[in-house]
Amino acid sequence: MFADEADGLWYYLSDTLYINIRRYNDQQAENIWYESEIKTRGGESLQSFNEEQRRIYYTPVTIARENKAVLAFTDDFFTKREYGIVIRNGVIYRNKIRVTSRSYPLGDTLAVFGDGSMYAYDFDEYNANEFLEMGAVQVLSFGPWLIRGGEINPRVLSGTYMPYHEPRCALGMIEPGHYVVITVDGRYDGAKGARFNWLATRLHAMGVTEALNLDGGGTTALVFMGEQISRVASASADGTNTRRVACMLGFGTSETVGE
């Protein structure tokens, strides 16, 4: 494990997990973001932390530390909505397809399968039981989907869909076992956030073939080895002033987290 906050570099390596996080700063665009590259093998996979206690809210740092998560990041915050297809670890938590896609978030999905593959879908394409029959282990519901089949979502690419800057978090797959998480800071001087078209274009340039926008805004958080390294407004490394959430996504566990 290696962490250099000053230079914006973080690494983790085990027999089954490789994590490489780099911080970038485009001063002209007032955009600060983190690119987390993850490689897994030997059964290591995307995990959902704390969803069984989804009615109780904690800081992201608390969830990461209590679950000994090597890398933890914002999920779809499904506990705050009454619609969407949500599956965690093979258990259906919500199975309600919305009637319209006019309001935000859309409820588009990213399904994670047992072989490590991830695929993005429109909000009304499949219900929860159909996803389970397909072999999905996790289904995330937020959106919009950013990349599907290697192509950027035309709605996103146009730049006219919700064209404003916000803190962001997105999860994408390059290939099974090889993933990317982009986390964008925001709401403080020098970090105004990003638009969806920038987020999708950046992921696409990294070779991502499937990707979904997850919850952002004040919920955005990236936690490495029990320390929050991303920032929204006045959030700090110990999780102070960060919005409380019910659960998080992540990769890897280690008894050294939080030490």
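A brief look at the structure comes next.

Calculation criteria
Residues numbered from 1 in each chain as written. Predicted model: local features only at pLDDT ≥ 70, side-chain atom pairs only at ≥ 80, totals over all residues. Heavy atoms only, no water. Salt bridge = Lys/Arg side-chain N within 4 Å of Asp/Glu carboxyl O. Helix = DSSP H or I, 4+ residues; strand = E, 2+ residues; numbered from the N terminus. Buried < 20%, exposed > 50% of the residue type's maximum accessible area, 1.4 Å probe, protein only. Pairing = 2+ DSSP bridges.

### Concerning the pattern of salt bridges
The tally for this structure, following the rule as stated, stands at 7 salt bridges. The shortest N-O distance in the salt bridge between D76 and R88 comes to 2.6 Å. Taken as a pair, D76 in the loop between β6 (69-73) and β7 (84-88) and R88 in strand β7 lie far apart in primary sequence, 12 residues in all. In terms of burial, D76 and R88 fall into one category: buried. Across the salt bridge formed by R187 and E166, the nearest N and O atoms sit 3.0 Å from each other. Pair noted here: R187 is in the loop between β15 (178-184) and α4 (196-205) and E166 is in the loop between α3 (154-157) and β14 (168-175), with a separation of 21 residues, a long-range link.

### As for the sheet that holds strand β5 (residues 47-49)
Overall, antiparallel pairing links the 5 strands, which are arranged β5-β19-β6-β17-β18 in an open sheet. Each end of this open sheet is capped by a strand with a single partner; those strands are β5 and β18 (227-228). Strand direction decides the pairing type here: β6 and strand β19 (residues 248-253), joined by 4 bridges, are antiparallel. Bridge assignment links F73 to a residue of β19, and that residue is L249.

### Re unusual backbone geometry
In this model, G143 is joined to P144 through a cis peptide bond whose omega is 5 degrees. Checked against the element boundaries, P144 lands in the loop between β11 (136-142) and β12 (145-148). Phi at E30 takes a positive value of approximately 55 degrees, unusual for a residue other than glycine. Along the chain, E30 falls in the loop between β3 (17-26) and β4 (31-40). Under the relative-accessibility criterion, E30 is labelled partly exposed at 35%. Here the phi dihedral of N89 falls at roughly 50 degrees; this positive angle occurs in a residue that is not glycine.

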